[in-house]
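# Descriptive analysis of the structure
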Amino acid sequence: MRLVLQTFLSLDGVYQGPGSPEEDTSDGFTRGGWLVPHMDEEFERRVGTWLGTADAFLFGRRTYENFARDWPRMTDHPFADVLNGSPKYVASHTLTRADWNPTTILSGDVPAQVAEVKRRPGRELQIHGCGRLAQSLLGAGLIDELRLVIAPVVVGSGRRLFPDGGAPAGLRLLSNSTTPGGLAIHVYETTGRPEYGTYGAEA
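Being a predicted model, the structure only gives us computed values, none of them experimental.

This next bit is on the overall build of the protein. Looking only at helices and strands, the protein has five helices and eight strands in total. Its helices and strands in sequence order give the protein the pattern β-α-β-α-α-β-β-α-β-α-β-β-β, from N to C terminus. In the protein, buried positions account for 44% of the 203 residues. As displayed, the protein has an accessible area near 10700 Å², and 52% of this comes from carbon and sulfur atoms.

Turning to the sheet that holds strand β3 (residues 88–91), a few remarks are in order. Taken together, the eight strands give an open sheet; going across it, the order is β4-β3-β2-β5-β1-β6-β8-β7, and neighbouring strands pair in mixed fashion. The two strands at the open ends of the sheet, each matched to only one other strand, are β4 (103–106) and β7 (170–178). Across the sheet, the mean angle separating the axes of adjacent strands is 25 degrees when strand polarity is ignored. By the bridge criterion, five bridges tie strand β1 (residues 2–9) to strand β5 (residues 124–128) in an arrangement that is parallel. Across the sheet, Val4 pairs through a bridge with Gln126, a residue of β5. On top of the sheet, helix α1 (residues 41–51) reaches β1, β2 (54–60), β5, β6 (145–150), β7 and β8 (184–192); it is set at about 135 degrees to β5, its chief contact.

Now for the environment of Phe57. Its place among the elements puts Phe57 in strand β2. With a relative accessible area of 0%, Phe57 lands in the buried category. Sequence separation between Phe57 and His128 is 71 residues; the distance between their C-alpha atoms is 7.8 Å. Once residues within four sequence positions are removed from consideration, Phe57 is found in contact with Leu51, Val82, Leu83, Ser86, Pro87, Lys88, Tyr89, Leu125, Gln126 and His128.

Burial in α1 covers these residues: Phe43, Arg46, Val47, Trp50 and Leu51. Angular distribution of buried residues about the axis of α1 spans 140 degrees; they occupy a single face of the element. Two or three places before Glu42, at the start of α1, stands the capping residue Asp40, its side-chain oxygen 3.3 Å from that residue's backbone nitrogen.

Time to look at the UniProt feature "domain: Bacterial bifunctional deaminase-reductase C-terminal" (unreviewed entry) in the protein. The UniProt entry lists residues 3–179 under the feature "domain: Bacterial bifunctional deaminase-reductase C-terminal" (unreviewed entry), expressed in the numbering used here. Taken end to end, residues 3–179 is 25% helix and 24% strand, and its two terminal C-alpha atoms sit 25 Å from one another.

Under the defined criterion, the tally for this structure stands at seven aromatic pairs. Site record: aromatic cluster; members linked through ring pairs are Phe57, Phe59, Tyr64, Phe67, Trp71 and Trp100. Stacked on the ring of Trp100, the Lys or Arg Lys88 has its end atom at 4.6 Å from the ring centre.

Another aspect to go through is helix α4 (residues 110–118). Listed as buried for α4 are Val110, Val114, Ala115, Val117 and Lys118. Looking straight down α4, one finds its buried side chains confined to an arc of 160 degrees; they lie on one side. Lining the buried residues of α4 we find β1, β2, β3, β4, β5 and α5 (131–139). A side-chain oxygen of the first residue of α4 lies 3.2 Å from the backbone nitrogen of Ala112; this N-cap is Asp109.

The subject of this paragraph is the nonpolar core. One broad rule of soluble globular proteins: the nonpolar side chains tend to lie buried together. The biggest cluster of nonpolar side chains holds 56 residues, and the ones touching the most others in it are Leu3, Leu58, Val114, Leu125, Ile127, Leu137 and Ile143. Here this core takes five residues from β2, the largest share from any one element. Setting aside chain neighbours within four positions, we find Ile143 in contact with Leu3, Leu5, Ile127, Ala134, Leu137, Leu138 and Thr190.

This brings us to the pairing of β7. In the sheet, β7 pairs with β8 via eight bridges, with the strands oriented antiparallel. What sits directly across from Asn176, in β8, is His186. What sits between β7 and β8 in their antiparallel hairpin is a turn of five residues, with Gly182 showing a positive phi close to 95 degrees.

Cut-offs used in this document
- Residues numbered from 1 in each chain as written.
- Predicted model: local features only at pLDDT ≥ 70, side-chain atom pairs only at ≥ 80, totals over all residues.
- Heavy atoms only, no water.
- Helix = DSSP H or I, 4+ residues; strand = E, 2+ residues; numbered from the N terminus.
- Buried < 20%, exposed > 50% of the residue type's maximum accessible area, 1.4 Å probe, protein only.
- Areas by Shrake-Rupley, 256 points an atom, 1.4 Å probe, with all protein chains shown as cover.
- Pairing = 2+ DSSP bridges.
- Axes fitted to C-alpha atoms, helices over the stretch in contact; angles between N-to-C directions.
- Contact = heavy atoms within 4.5 Å.
- Arc of directions from axis to C-beta.
- Polar contact = N/O pair within 3.5 Å; in protein donor to acceptor, adjacent residues only side chain to side chain.
- UniProt positions renumbered as here; feature names shortened; annotations may be inferred.
- Phe/Tyr/Trp six-rings, centres within 6.5 Å; stacked < 30°, edge-to-face > 60°.
- Lys NZ or Arg CZ within 6 Å of the ring centre and 35° of its normal.
- Core = buried A, V, L, I, M, F, W, Y, C linked by side-chain atoms within 4.5 Å.

Structural data, given as structure tokens:
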């Protein structure tokens, strides 16, 4: 399976709490819900298309607990069957049980276990949000594709997908588009280490 990261970002790179003020208030975050004013039918269509290519999902503990709390109750949502019925993996060194079935807990050497899952037959193993897990797997060279939905808002605080000191990565743009609500959708594939050069006038 290809490992694909799908995440919603503000213009300043925040991924925390896009869906509501109460979604993720950890570390005193009070600015959640910044994506919602920009959601539209084109955004919903694109996300639905992506979900249709998933054969399994990978979460960090925090995102898993939020999804496991909310999605089993959202039975009338068009994405509910995919998320509730597909195999799920959660990377955690603290969870001892995971009741959102079917779920497998990955602990210990998480990158090695994710690499093993990737070797299984299937189309996509998708990460939704989970910035810290994504940073770790990007540094390990395991992420194949990034799908970034960028909202036209500067949040000003919160956890960022690409923090200072994060692993460098080379990317190649596969597609980009915008929605009527102003969301910029950028899809990249990873290319290994970034390349560097020096700009200068020709001799």
